[in-house]
Amino acid sequence: MESENPVSGTPAREVAEMFDRISPTYDLLNHLLSLGVDRRWRRTAIKHLAAQTGETILDCGAGTGDMSLTAHEVNPHIRTVLVDPALAMLTRADAKAGCIKPCQFLLMRGVAERLPFADASFDGFMVAFGIRNFENLPGGMSELCRTLKPGGRGVILEFTPDRSRWIDRIFRGYMQRVLIPIGARISRNAVAYAYLTNTVAGFLSAEELAHVFAGVGLTCRKQIRLSAGIATLFVVEKP
């Protein structure tokens, strides 16, 4: 039986195909609809990851590679491995890599729940707005923990419902009245942007996510609310 996304009930294969279809306009809409604040969130996450020269970092659910590209801007002497189930997204990441050496910017099609790497392969990991698309959240987080070296760290950016009532009202109104209509018109895929909005609306709280992380062996060192709680940055560590 095919796995389903726990929030939407959409089979994982269909989710990957959906991201393939919206890949041509994905970056444009991310930056446009967030008013550019997504760049600041990523840079904040990379700052807390603090990747050191020579380290290898896993970018899981890498999409078009913005997290890895930001990490290379901060420290050009690291190696990133980008994993995503949507081939078209990875193709765009590859096109954006510029002068980064291929041996420092590796791309692989795959899913979080079945990472094809040995135990303790990575010094760190990062996931930007991707854990809510995992087929199985505990399973995906368990794999991230397994492939992380002891003492390694990870950063996770995600939308959580930990917002004040008035900020939440504005945020939900923006998603319904702005994000879905504009996203649907530019991408020509109304279903995709309705799906993305539904996964945000139905996702776990920061406290619930911290319990998931702890359950797979990751210690949540920090929870940082970004932009009045619209997004949350988690900094985790493997003991």
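Please refer to the structure placed before this passage.
Residues numbered from 1 in each chain as written. Predicted model: local features only at pLDDT ≥ 70, side-chain atom pairs only at ≥ 80, totals over all residues. Heavy atoms only, no water.

## With respect to the environment of Glu207
By the element assignment, Glu207 lies in helix α8 (residues 206-215). A relative accessible area of 57% means that Glu207 is categorised as exposed. Spatially, the C-alpha atoms of Glu207 and Asp162 are 9.0 Å apart, while their sequence positions differ by 45 residues. (Helix = DSSP H or I, 4+ residues; strand = E, 2+ residues; numbered from the N terminus. Buried < 20%, exposed > 50% of the residue type's maximum accessible area, 1.4 Å probe, protein only.)

## Things to note about the pattern of salt bridges
Applying the stated criterion to the full structure yields 14 salt bridges. Notably, a salt bridge pairs Asp27 with Lys96, separated by 2.8 Å at the nearest N-O pair. Placement of the pair is Asp27 in helix α1 (residues 12-33) and Lys96 in helix α4 (residues 87-96), with a sequence separation of 69 residues. According to the relative accessible area criterion, Asp27 is buried, its value standing at 17%. Three or more residues are tied together by salt bridges with common partners; here these are Asp27, Asp66 and Lys96. (Salt bridge = Lys/Arg side-chain N within 4 Å of Asp/Glu carboxyl O.)

## Topic: the nonpolar core
Formed by 27 residues in total, the largest nonpolar core has its most connected members in Leu58, Phe125, Ile131 and Met141. Only β1 (56-60), β2 (79-84), β4 (122-128), α5 (137-146), β5 (148-158), α8 and β7 (231-237) provide two or more residues apiece to this core. Met141 has contacts with Phe125, Ile131, Phe134, Ile156, Val212, Phe213, Val216 and Leu218, leaving out every residue within four places of it along the chain. Counting residues in each nonpolar core, the second largest holds 23 residues, with Trp41, Ala71, Met126 and Leu226 among its members. (Core = buried A, V, L, I, M, F, W, Y, C linked by side-chain atoms within 4.5 Å. Contact = heavy atoms within 4.5 Å.)

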